Amino acid sequence: MELDVASLWILIAAALVLLMTPALGLFYGGMTRATGVVNMMLMSFSAAAITAVVWVLWGYSFSAGEPAIAGIVGNPISDFAMHNTEQSELLAAGFAGTFAMISVAIISGAIADRARFAPWLFFVPLWVTLVYAPVAFWVWGGGLLSADGFLGSIFGEAIDFAGGAVVHTNAGIAALVLALKLGQRHNFHDRPQPHNTPLVMLGAGLLWFGWFGFNAGAATTVEQAGLIWVNTLAAPGAAVLGWILVEKLRGSRPSSVGVASGLVAGLVAITPSCADVAPWAAMLLGVLAGAGAAWAVNLKWKLGYDDSLDVVGVHLVAGLIGTLFLGFFALPTGESAGGLFYGGGVAQLIAQTATLIVVMAFSAVMTWVIATVIGKFSPWRVTADIEIAGIDEAEHNENGYQLVSK
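Please read all numbers here as calculations on a predicted model, not as lab measurements.

> Which parts of the structure should I look at to understand the overall build of the chain?
Within the chain, the secondary structure is distributed over 15 helices and 2 strands. What you see for the chain is a C-alpha radius of gyration of 20 Å, in line with the 22 Å of a compact globule of 406 residues. Taking the principal axes of its C-alpha atoms as reference, the chain extends roughly 70 × 50 × 40 Å. Of the accessible surface of the chain, which amounts to about 16,600 Å², a share of 68% is contributed by carbon and sulfur atoms. Taking the 14 positively charged and 24 negatively charged side chains of the chain as two groups, their mean positions are separated by 21 Å.

> When you look at the environment of Leu-16 in this model, what are you seeing that I'm missing?
As for its position among the elements, Leu-16 is in helix H1 (residues 5–31). Look at Leu-16 and you get buried, because its relative accessible area is 14%. Taking C-alpha positions, Leu-16 is 9.7 Å from Phe-95, a pair spaced 79 residues apart along the chain. With residues near it in sequence (within four places) discarded, Leu-16 still touches Trp-9, Phe-209, Gly-210 and Gly-213.

> Please clarify how the packing of aromatic side chains should be interpreted in this entry.
Here a ring pair, both rings aromatic, is described through the centre-centre distance and the interplanar angle of the planes. Evaluation of the coordinates by the stated rule reveals 18 aromatic pairs. The interplanar angle of 25° and the centroid separation of 4.9 Å between the aromatic rings of Phe-188 and Trp-301 together place this pair among those described as stacked. With Phe-188 in the loop between helix H6 (164–182) and helix H7 (197–216) and Trp-301 in helix H11 (residues 299–303), the pair connects residues that are 113 residues apart, well separated along the chain. Taken together, a centroid distance of 5.8 Å and an interplanar angle of 90° make the contact between Trp-280 and Phe-329 edge-to-face. Placement of the pair is Trp-280 in helix H10 (residues 279–296) and Phe-329 in helix H12 (residues 311–329), with a sequence separation of 49 residues. What makes Trp-280 partly exposed here is its relative accessible area of 40%. Classification of Phe-329 as buried rests on a relative accessible area of 15%. Chaining the aromatic ring pairs together yields one cluster made of Phe-95, Phe-99, Trp-140, Trp-211 and Phe-214.

> Would you take a moment to explain the environment of Met-41 for this structure?
In this structure, Met-41 sits in helix H2 (residues 37–64). Considering only alpha carbons, one finds Met-41 and Gly-29, 12 residues apart in sequence, at a separation of 5.5 Å. When residues no more than four places from it in sequence are discounted, the contact partners of Met-41 are Gly-25, Leu-26 and Gly-29.

> Is there a simple way to think about the packing of H7 against helix H9 (residues 256–270) in this case?
Helix packing for two helices is described by the angle between their axes and how far apart those axes are. Look at H7 against H9: their axes get within 9 Å of each other, and the N-to-C directions meet at 15°. Here H7 is positioned roughly parallel relative to H9, judged by the angle of their axes. The handedness of the crossing between H7 and H9 comes out as left-handed. For the pair H7 and H9, contact is made by Thr-197, Val-200, Met-201, Ala-204, Leu-207, Trp-208, Trp-211 and Asn-215 and by Ser-256, Val-257, Ala-260, Leu-263, Val-264, Leu-267, Val-268 and Ile-270, respectively.

> Any chance you could explain the packing of H7 against helix H8 (residues 222–249) here in plain terms?
Between H7 and H8, the least distance of the axes is 9 Å, while the angle of their chain directions is 140°. With respect to each other, H7 and H8 are oriented oblique. You can see that H7 and H8 cross each other, and the crossing is right-handed. On H8, the residues that touch Trp-208, Trp-211, Phe-212, Asn-215 and Ala-216 of H7 are Ile-228, Trp-229, Thr-232, Leu-233 and Pro-236. Among the residues forming the contact of H7 with H8, the class breakdown is 8 nonpolar, 2 polar and no charged.

> Explain the pattern of salt bridges here, please?
Where charged atoms of side chains with opposite charge meet at close range, the side chains can pair. Enumeration over the complete set of coordinates arrives at 5 salt bridges. Between Arg-185 and Asp-113 there is a salt bridge, with the nearest N and O atoms lying 3.6 Å from each other. In this pair, Arg-185 sits in the loop between H6 and H7 while Asp-113 sits in the loop between helix H3 (90–107) and helix H4 (117–140), placing the two residues 72 residues apart along the sequence. Across the pair Asp-310 and Lys-300 runs a salt bridge whose closest N-O atoms are separated by 2.8 Å. Taken as a pair, Asp-310 in the loop between H11 and H12 and Lys-300 in helix H11 lie far apart in primary sequence, 10 residues in all. A relative accessible area of 4% means that Lys-300 is categorised as buried.

> Would you explain the environment of Gly-143 in this entry?
Its place among the elements puts Gly-143 in the loop between H4 and helix H5 (150–155). Looking at Gly-143, the relative accessible area reads 3%, which means it is buried. Expressed as a C-alpha distance, the spacing of Gly-143 and Gly-74, which sit 69 residues apart in the sequence, is 8.3 Å. In this structure, Gly-143 is in contact with Gly-71, Phe-137, Trp-138 and Gly-149, ignoring residues within four places of it in sequence.

> Explain unusual backbone geometry to me, please; I cannot follow it from the model alone.
Outside of glycine, negative phi angles account for most residues, and trans bonds account for most peptide bonds. Despite not being glycine, Ala-81 has its phi angle at roughly 60°, a positive value. Relative to the elements of secondary structure, Ala-81 occurs in the loop between strand E2 (73–74) and H3. Classification of Ala-81 as partly exposed rests on a relative accessible area of 34%. The backbone of Asp-113 sits at a positive phi, close to 75°, despite the residue not being glycine. For Asp-113, a relative accessible area of 8% corresponds to the buried category.

The rules behind these values
Residues numbered from 1 in each chain as written. Predicted model: local features only at pLDDT ≥ 70, side-chain atom pairs only at ≥ 80, totals over all residues. Heavy atoms only, no water. Helix = DSSP H or I, 4+ residues; strand = E, 2+ residues; numbered from the N terminus. Rg over C-alpha atoms; globule rule 2.2 N^0.38 Å. Areas by Shrake-Rupley, 256 points an atom, 1.4 Å probe, with all protein chains shown as cover. Lys, Arg positive; Asp, Glu negative; His and termini not counted. Charge placed at Lys NZ, Arg CZ, Asp CG, Glu CD. Buried < 20%, exposed > 50% of the residue type's maximum accessible area, 1.4 Å probe, protein only. Contact = heavy atoms within 4.5 Å. Phe/Tyr/Trp six-rings, centres within 6.5 Å; stacked < 30°, edge-to-face > 60°. Axes fitted to C-alpha atoms, helices over the stretch in contact; angles between N-to-C directions. Parallel < 35°, antiparallel > 145°, perpendicular 65-115°, else oblique. Left-handed = near helix turned anticlockwise from the far one by under 90°. Nonpolar A, V, L, I, M, F, W, Y, C, P; charged D, E, K, R; others polar. Salt bridge = Lys/Arg side-chain N within 4 Å of Asp/Glu carboxyl O.

Next up, the structure:
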């Protein structure tokens, strides 16, 4: 079987999405303290490495195999280590694995500067297996939330083209649980600032680049690919403007970290809807997501949860906005009447809302259980002295920078 154009595009798209996890490491690494950059970047790289192994052994079967356990997950035994996967399916399986990688890596930003590395190494395979893979199966693999699934048949099938619920809402609520579990950093009330804004901007730029593969990798026609590409261009651009507007209304000046965060918020929001909204609606969504995320990141100071790098404000909130937006502005198709704006009624909004509620509840409970069990034999927090001195030296015997004093 020769490599056709469609398969070649999936190959390229998978490589683009794979790049996003190291890019996330750069983005997060620049936002931490200078003494925590190594630890932060290693959390992203280790997430990618461990997930790659898990995905081949059983993760892909959990998320896309034959239904098992009342349709909750795929059967991992029937295709352990992909020994029964057709060679023609391997490319799609690899592409799907890159989504699992970045999903779990996103969570790490909520526990920066205070989490030991060993518990994270246990958390990654457990979360991918017990949380990400089942949710992916429910939405994309014919499980509970699909059109023929138990919940999908009751509430309707949600639109989630590239992972608004599966990736960002799922990871965002897990990040909130871990942030609450670990508690505040010692200097939380001092509002720690990013130590390297160029690194943040570089990471954000690479994320935007990779996101075209993230969103458009599953496109099936030229027309659909074109719509996805334009929406993935327009939404984050508009989100940056929405973020700057909120900063201006607060009396602040536009910041590089704000622009980078607004960009990511727009990308998160357009992820579920990239193939199902018009370009003008994508820009409206971008403004709403950028403004909403800019407002949401300040909640941690008011409510007291230490979401170190704004995973909740950016990924959870923008993911919720993007997923619910489809209930209002989804384009009509041969299979769907569209959102409220197009006269499709409330059916799509109900489906979107039900999916979000189920995913958030499941992810929150399972993440808490996983984190609690791990904490019983491998404490999550470093000591106060290590946290103050910096986590890199204690956890990795390395430093991100060799500072020479004269």
